Amino acid sequence: MRYFSTRGGQSGLTFTQAVMTGLAADGGLLLPERIPRVADRLAEWQHLDYTRLAEEIFALFADDIPREAMRPLIARAYASFDAEQPVPLVRHEGLYLLELFHGPTLAFKDVALQLLGNLFEWVLERQGGRLNLLAATSGDTGSAAIAGLRGRAGIKLFVMYPEGRTSRLQERQMTTVQDDNIFNLCVDGSFDDCQRLLKGIFGHQAFRERLQLGAVNSVNWARIMAQLVYYFSAWFQLRRRQPSATAFDVCVPTGNFGNVFAGYLARRMGLPIDRLLLATNENDILARFFNSGRYERGEVHASHSPAMDIQVASNFERYLYYLLGGNTQRVADFMRAFNEAGVGRVHYNTRQLDAAFRAASVSDADTLVAIREAYERHGRLLCPHTAVGRRVAERLQRDEVPLVCLATAHPAKFAETLALAVPGLRLTHPLLDPLSALPERKTRIQPQQDRIEAFIEEAVAA
Ligand SMILES: *Cc1c(COP(=O)(O)O)cnc(C)c1O
């Protein structure tokens, strides 16, 4: 399989090149040249365990890594999960929850980042050299990337996060890691500022090449690939409970469009996902887009679901490529217009922009209501992001189609918000409680590209 840029400026990359590159040189995102069709293999895959299923799916996309080499990378990645089935499907009041939070940092991002660390290491062992990684995080990517990369030889990781916009606990998950290949940059700005800085630094070709800079954000194709697997796993687990099901809907709490994009691809591969229900908080640029065709940047508001406080969703560009008929010129034009004017438009003349999607947003107040109701009626605690999804699912669910809601983080990660919804609730977790006693390592920095580049340069030289 070869990979190309959504903006047309790069093509013919192998999988390992795509993984090591992250963002394409022309500022676009990398996509596989074709989407493999697997509808006729579902019966055969139905009974595979999670790691074997991952092996089959990765073999389609990562064909320059031999299966025998890939197998232990997968096994090690998911051995760090605390459940035998890394992504268990559980019943929850008329729908299913797919629990994606059994990894070491208790959010779904572990599913991809535990694997990505192993992939980087495998490639570096063969090619030699070093890799410097830059990430922007609204909370969960940072800690998951750190957990996947701490202590790895030849790799340095720089994590930018917006000061005061992550929870203290999320911050501590990052800053209490003492490995000297990890650098936490606490940026005086919003997550969109961090993401803009990330794009700016990646767009600075000379710097990027000199420092061998790679990406761990969901712009990295390997993250999307790793996330495909649990959509398939969800379907197979659902079929065991409901053998007569012929299709399902999936509700995805969305920020950067990474998770839901993997679902979109799984659908195009032939997994019988009927609808993808896209759920956003008040930062609703994506919900507005799917209801109007207008992609228009708004102000970023801090919400109870901080991992979704995003207005400019980096992975949206991958979807746009398909929506615009696979025309890289049109993608480049759209993104240029959007970057200049803060608005882009896709013309459509049906009521629904894309039959695969339904989208809605949820207010902060409603998020708390959803948490309270799930707890009072069903005794289940949902993280605020999952609660946003649960609320949208309630609105858009259909009687005749089974629905899976992605549970993206463990509720204990957002204990303060849960206590707002359920007064008196005190959540603890054995992985999180010890963090408040540990020393922290972080550097405050202004949201200026030259300052951040200078910091990286110095740390790499040291
Ligand atoms: C990152 C994150 C999201 C959003 O995922 P995207 O891939 O950016 O859409 C949702 N919930 C939680 C808990 C997250 O950490």
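Above this text you will find the structure in question.
Definitions and cut-offs
Residues numbered from 1 in each chain as written. Predicted model: local features only at pLDDT ≥ 70, side-chain atom pairs only at ≥ 80, totals over all residues. Heavy atoms only, no water. Near = heavy atom within 4 Å. Polar contact = N/O pair within 3.5 Å; in protein donor to acceptor, adjacent residues only side chain to side chain. Areas by Shrake-Rupley, 256 points an atom, 1.4 Å probe, with all protein chains shown as cover. 1 Å grid on protein atoms, 1.4 Å probe; cavity = no way out; pocket = protein on both sides within 12 Å on 5 of 7 lines; lining within 4 Å. Sits in = over half its atoms within 2 Å of the grid points. Axes fitted to C-alpha atoms, helices over the stretch in contact; angles between N-to-C directions. Helix = DSSP H or I, 4+ residues; strand = E, 2+ residues; numbered from the N terminus. Parallel < 35°, antiparallel > 145°, perpendicular 65-115°, else oblique. Left-handed = near helix turned anticlockwise from the far one by under 90°. Contact = heavy atoms within 4.5 Å. Nonpolar A, V, L, I, M, F, W, Y, C, P; charged D, E, K, R; others polar. Pairing = 2+ DSSP bridges. Points joined across faces, edges and corners; volume = space filled by probe spheres on them. Expected span 1.5 Å × (residues − 1). Buried < 20%, exposed > 50% of the residue type's maximum accessible area, 1.4 Å probe, protein only. Arc of directions from axis to C-beta.

Caption draft 1: Quick peek at the site of the ligand. Inspection of the region around the ligand gives 15 residues, with K109, D140, G255, N256 and T408 positioned closest. With respect to the ligand, the backbone of N259 contributes an N or O atom lying 2.9 Å from an oxygen atom. A total of 380 Å² of accessible area belongs to the ligand in isolation, and the protein chains cover 97% of it. In this structure the site holding the ligand corresponds to the largest cavity.

Caption draft 2: Spatial organisation of the packing of helix α3 (residues 50-61) against helix α4 (residues 67-79). Running from N to C, α3 and α4 cross one another at 135°; their axes reach a closest spacing of 10 Å. Between α3 and α4, the angle is such that the two are oblique. Between α3 and α4 lies a crossing whose hand is right-handed. Counted together, Y50, T51, R52, A54, E55, E56, F58 and A59 of α3 and R67, M70, R71, I74, A75 and Y78 of α4 form the full contact between these two elements. Residue composition of the contact of α3 with α4, by class: eight nonpolar, one polar and five charged.

Caption draft 3: Region of interest: the sheet that holds strand β8 (residues 213-215). Strand order in this open sheet of five strands is β8-β5-β6-β7-β15, and the pairing throughout is parallel. Because the sheet does not close on itself, it has two edges, and the strands there are β8 and β15 (443-445). When the angles between neighbouring strand axes are averaged without regard to direction, this sheet yields 30°. Here strand β5 (residues 131-136) runs beside strand β6 (residues 155-162); their pairing, made up of six bridges, is parallel. Of the residues in β6, the one forming a bridge with L133 is L157. In this fold helix α6 (residues 140-149) packs onto β5, β6 and β7 (182-187), with an angle of close to 165° to the strand it touches most, β6. In the packing of helix α7 (residues 168-175) onto the sheet, the strands contacted are β6 and β7, and the crossing angle to β6 comes to about 160°.

Caption draft 4: Spotlight on the layout of surface pockets. When its volume is computed, the largest pocket comes out at roughly 470 Å³. For the largest pocket, the lining is made up of 21 residues, of which R196, K199, R297, V312 and N339 are closest to its centre. Counting residues per element, the ones that place at least two in the lining of the largest pocket are α8 (191-203), α13 (316-323) and α14 (328-341). Of all the elements, α8 adds the most residues to the lining of the largest pocket, at six residues.

Caption draft 5: Up close: the sheet that holds strand β3 (residues 89-92). Within the open sheet, the six strands sit side by side as β3-β4-β14-β9-β10-β13. Their pairing is mixed. One side of each edge strand has no neighbouring strand; the edge strands of this open sheet are β3 and β13 (357-361). Taken pair by pair, the neighbouring strands of this sheet meet at an average axis angle of 25°, ignoring direction. Bridge count between strand β10 (residues 273-280) and β13: five bridges; the pairing is parallel. For A279, the partnering residue across the bridge sits in β13 and is A360. Where helix α11 (residues 258-269) meets the sheet, its contacts fall on β9 (248-253), β10, β13 and β14 (403-407), and the angle it forms with β10 comes to roughly 170°.

Caption draft 6: Summary view of empty space enclosed by the protein. Taken as a whole, this structure holds four cavities of 30 Å³ or more when the rule is applied. Put simply, the largest cavity is a space of about 290 Å³. Lining the largest cavity we find 27 residues, and of these F108, K109, G255, N256 and A307 sit closest to its centre. Only α6, α10 (221-241) and α11 provide two or more residues apiece to the lining of the largest cavity. Considering every element that reaches the lining of the largest cavity, the biggest residue donor is α11, with three residues. Here the residues of the lining of the largest cavity are counted per class, giving ten nonpolar, 14 polar and three charged. Counted as a void, the second largest cavity has a volume near 70 Å³. In terms of lining, the second largest cavity is formed by S138, P162, R165, S190, F191, V300, H301, A302, P306 and D309. Here the residues of the lining of the second largest cavity sort into five nonpolar, three polar and two charged.

Caption draft 7: Representation of α14 within the structure. When the terminal C-alpha atoms of α14 are compared, their 20 Å separation across 14 residues agrees well with the 20 Å that a helix rising 1.5 Å per residue should span. For α14, the set of buried residues is V331, A332, F334, M335 and F338. On an axial view of α14, the arc spanned by its buried residues comes to 165°, and they lie on one face. In this structure, α14 carries E340 and A341 as exposed residues pointing more than 90 degrees from its buried face. In this structure, the buried residues of α14 make contact with α12 (285-292), β11 (294-296), α13 and β12 (343-345). Capping the start of α14 is the job of one residue whose side-chain oxygen sits 3.0 Å from the backbone nitrogen of Q329: N327. Trailing α14 by a residue or two, G342 shows a phi angle of about 75°, which is positive.

Caption draft 8: Structural context of the side chain of T14. Considering the arrangement of structural elements, one finds T14 in the loop between β1 (3-5) and α1 (15-21). In this structure, T14 is in contact with M1, R2, Y3 and D64, ignoring residues within four places of it in sequence.

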